[in-house]
Amino acid sequence: MAIPAGAEIIDLSNYSVVPGLVDAHNHLALTYKKDPENNVYYLTSVLDSTAMRAIQAVSNGITMMSSGFTVVRDLGNAANYADTALRTAIEQGWVPGPTVINSGIIIGGMGGQFYPVPERAALVYPEYLDADTPDEIVKAVRKNVLYGAKVIKIMVDAKPYGYTVDEMKLFIAEAAKSGMKVAGHVQTPAGARRAIEAGIWSIEHSTALDDETHKAMAKKGIWRVGTETPFTVYMGTKERFDRTVAGIKNAYQNHVKMAFSTDADYYISGMTRGQIVIDFLRSWKAAEIPAPEILKILTTNGYKVCDIYEKRGPIKAGLPADLIAVVGNPLEDIESLRKVQFVMKEGMVFKRDGVMTPEKFFNSGPVNGWRIR
């Protein structure tokens, strides 16, 4: 194939070139901290405004790109649609950042994940949308669609009055009207079984999953977005990590569809959000998943769980040019993914020779059209 006249030639012959990476469960507009809120995100939601969190989301998105993540599935806890603001700004060409598949406000039974005192019940919103009846379920889904969500996220069982199979089927049917899938936060075995029976698209988090539920997920083709936190000097315990690793192994042995996911929503001194996320390689390596499979989980599986595989992700003629180059061969040593030297997003160079060069991504107006939402 002839090189078009005037084309810029970028020599990546000393690197391995792979598609951009995917984090299938992140919270770019949430960063809780030891100081001042003692890592309690309920307090973060009170102390940090939507505007502040939208700006944080831009910063987190930039560092995710620097670490090679060109797609992020952003699953709520973004105040009053800061996630939509981030996605829109990126798509309009205002700021650099990954392709964002955002959920808008998480939908749950009364209270969401919070337990407010009666005098402070209003503090649940906008972190969560209460939806306790069929009419409220339909309205909550439509509200998120109206305000820019690209996936619907629900709290399956955060409270004893979690959603029934029929209620989850209603979520799935209503989301499907707008071409969207439903991701379910699950924290109990009973909730997992109900979500599987309902035919949910993905189960978020893995602590409630076991051999029985893994087999059922594999049979139905339900995605496992497990958010497998590694054991490090700054996070976790050995006992919890052992359970995490055992869960990954069991899911892999049962041929469950898995995506790389982190639930990263916290600040670690001296680390960017992107560095925190890539450190989750520790979990997959500890589970002895072969390097080629980890790379597939980080790329192909990520595009599929985000429901964009036919639109972007793979290095393929006709799709946006999202690719990264790393030192070493990740098919042999997955740790090579920590050495991202080059990042291209939609044909524009974001990082070259290990240095971010994002100036072309910053524009003062909506270069891709104001009507993008």
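Residues numbered from 1 in each chain as written. Predicted model: local features only at pLDDT ≥ 70, side-chain atom pairs only at ≥ 80, totals over all residues. Heavy atoms only, no water.

Draft legend 1. Region of the structure containing unusual backbone geometry. At the junction of Asp 35 and Pro 36, the peptide bond is cis and its omega measures out at 20° in the coordinates. Examined against the element boundaries, Pro 36 turns out to sit in the loop between β2 (21-26) and α1 (41-47). Residue Pro 126 follows Tyr 125 across a cis peptide bond; omega there is 10°. In the Ramachandran plot, Tyr 81 falls in the positive-phi region, its phi being about 65° despite a non-glycine side chain. (Helix = DSSP H or I, 4+ residues; strand = E, 2+ residues; numbered from the N terminus.)

Draft legend 2. Looking closely at the side chain of Glu 174. Along the polypeptide, Glu 174 turns up in helix α5 (residues 165-176). Glu 174 gets classed as buried once you look at its relative accessible area, which sits at 6%. When near neighbours in sequence (up to four residues on either side) are disregarded, Glu 174 contacts Val 138, Val 141 and Arg 142. (Buried < 20%, exposed > 50% of the residue type's maximum accessible area, 1.4 Å probe, protein only. Contact = heavy atoms within 4.5 Å.)

Draft legend 3. Main features of the nonpolar core. Counting 80 residues, the largest nonpolar core has Ile 107, Ile 154, Ile 203, Phe 260 and Leu 337 as the members making the most contacts within it. Contact partners of Leu 337, with chain neighbours within four places excluded, come to Leu 21, Ser 67, Ile 278, Leu 281, Leu 295, Leu 298, Val 326 and Pro 330. If you look at the next biggest cluster of nonpolar residues, it comprises 13 residues, including Val 22, Val 71, Leu 75 and Tyr 303. (Core = buried A, V, L, I, M, F, W, Y, C linked by side-chain atoms within 4.5 Å.)

Draft legend 4. View of the pattern of salt bridges. According to the stated counting rule, one finds 19 salt bridges in the structure shown. Note that Lys 177 is salt-bridged to Glu 174, the shortest N-O span being 3.0 Å. Take Lys 177: its relative accessible area is 60%, and that puts it in the exposed class. Put simply, Glu 346 and Arg 312 hold a salt bridge, and the shortest N to O gap is 3.0 Å. With a gap of 34 residues between them, Glu 346 in the loop between β12 (340-345) and β13 (348-352) and Arg 312 in the loop between α12 (300-305) and β11 (323-326) connect regions that are remote in the sequence. Its relative accessible area of 44% is what places Glu 346 among the partly exposed residues. Here the salt bridges do not stand alone but share partners, grouping Asp 279, Arg 282, Lys 285, Glu 335 and Arg 338 into one network. (Salt bridge = Lys/Arg side-chain N within 4 Å of Asp/Glu carboxyl O.)

Draft legend 5. Structural context of a nonpolar patch on the surface. Taken together, the side chains of Val 40, Leu 43, Val 46, Leu 47 and Leu 123 present a nonpolar region at the surface, about 390 Å² in accessible area. Structurally, Leu 47 is set in helix α1. Among the residues examined, Leu 47 registers a relative accessible area of 53% and is labelled exposed. (Patch = residues over 30% accessible without salt bridge, like charges linked within 9 Å, V, L, I, M, F, W, Y side chains within 5 Å. Areas by Shrake-Rupley, 256 points an atom, 1.4 Å probe, with all protein chains shown as cover.)

Draft legend 6. Fine view of the sheet that holds strand β3 (residues 69-74). Taken in spatial order, the three strands of this open sheet run β2-β3-β4, and their pairing is parallel. The strands lining the two open edges of the sheet, one partner per strand, are β2 and β4 (99-102). Between one strand axis and the next, the sheet turns by 15° as a mean value, whatever way the strands run. Here β3 runs beside β4; their pairing, made up of four bridges, is parallel. Each bridged residue has a counterpart across the sheet, and for Asp 74 the counterpart in β4 is Asn 102. Along the sheet face, helix α2 (residues 50-66) touches β2 and β3 and points at about 135° away from the line of β3. (Pairing = 2+ DSSP bridges. Axes fitted to C-alpha atoms, helices over the stretch in contact; angles between N-to-C directions.)

Draft legend 7. Region of the structure containing the packing of α5 against helix α6 (residues 189-198). Two elements in contact, α5 and α6, have axes separated by 9 Å at closest approach and are oriented at 50°. It follows that α5 is oblique to α6 by the angle criterion. Considering the relative orientation of α5 and α6, their crossing is right-handed. Across the interface between the two elements, Val 165, Met 168, Lys 169 and Ile 172 from α5 touch Arg 194, Ala 195, Glu 197 and Ala 198 from α6. Residues of the contact of α5 with α6, tallied by class, amount to five nonpolar, no polar and three charged. (Parallel < 35°, antiparallel > 145°, perpendicular 65-115°, else oblique. Left-handed = near helix turned anticlockwise from the far one by under 90°. Nonpolar A, V, L, I, M, F, W, Y, C, P; charged D, E, K, R; others polar.)

Draft legend 8. Here's a closer look at the sheet that holds strand β1 (residues 16-19). With antiparallel pairing, the five strands of this open sheet are ordered in space as β1-β11-β12-β13-β14. Each of the sheet's edge strands pairs with one partner strand only, and the pair in question is β1 and β14 (355-356). In this sheet, β12 lies alongside β11 in antiparallel orientation, the contact comprising four bridges. Within the sheet, the bridge partner assigned to Ala 325 lies in β12 and is Phe 342.

Draft legend 9. Seen up close, empty space enclosed by the protein. Taken as a whole and judged by the stated rule, the model has two cavities of 30 Å³ or more. By volume, the largest cavity amounts to about 60 Å³. Forming the boundary of the largest cavity are Gly 108, Gly 109, Gly 112, Met 155, Val 156, Ala 158, Lys 159, Tyr 161, Gly 162 and Tyr 163. Its residues placed into classes, the lining of the largest cavity shows five nonpolar, four polar and one charged. Lining the second largest cavity we find Thr 229, Pro 230, Phe 231, Gly 236, Thr 237, Arg 240 and Phe 241. (1 Å grid on protein atoms, 1.4 Å probe; cavity = no way out; pocket = protein on both sides within 12 Å on 5 of 7 lines; lining within 4 Å. Points joined across faces, edges and corners; volume = space filled by probe spheres on them.)

Draft legend 10. Spatial organisation of the packing of aromatic side chains. Counted by the stated rule, this structure contains nine aromatic pairs. Residues Tyr 32 and Tyr 266 carry aromatic rings whose centres are separated by 6.2 Å and whose planes lie at 50° to one another, so their mutual orientation is tilted. Within this pair, whereas Tyr 32 is found in the loop between β2 and α1, its partner Tyr 266 is found in the loop between α8 (238-253) and α9 (273-278), the two being separated by 234 residues in sequence. Across the pair, Tyr 266 and Tyr 32 agree in class, each one buried. Following the ring pairs from residue to residue traces out a cluster consisting of Tyr 32, Tyr 41, Tyr 42, Phe 114, Tyr 128 and Tyr 266. (Phe/Tyr/Trp six-rings, centres within 6.5 Å; stacked < 30°, edge-to-face > 60°.)

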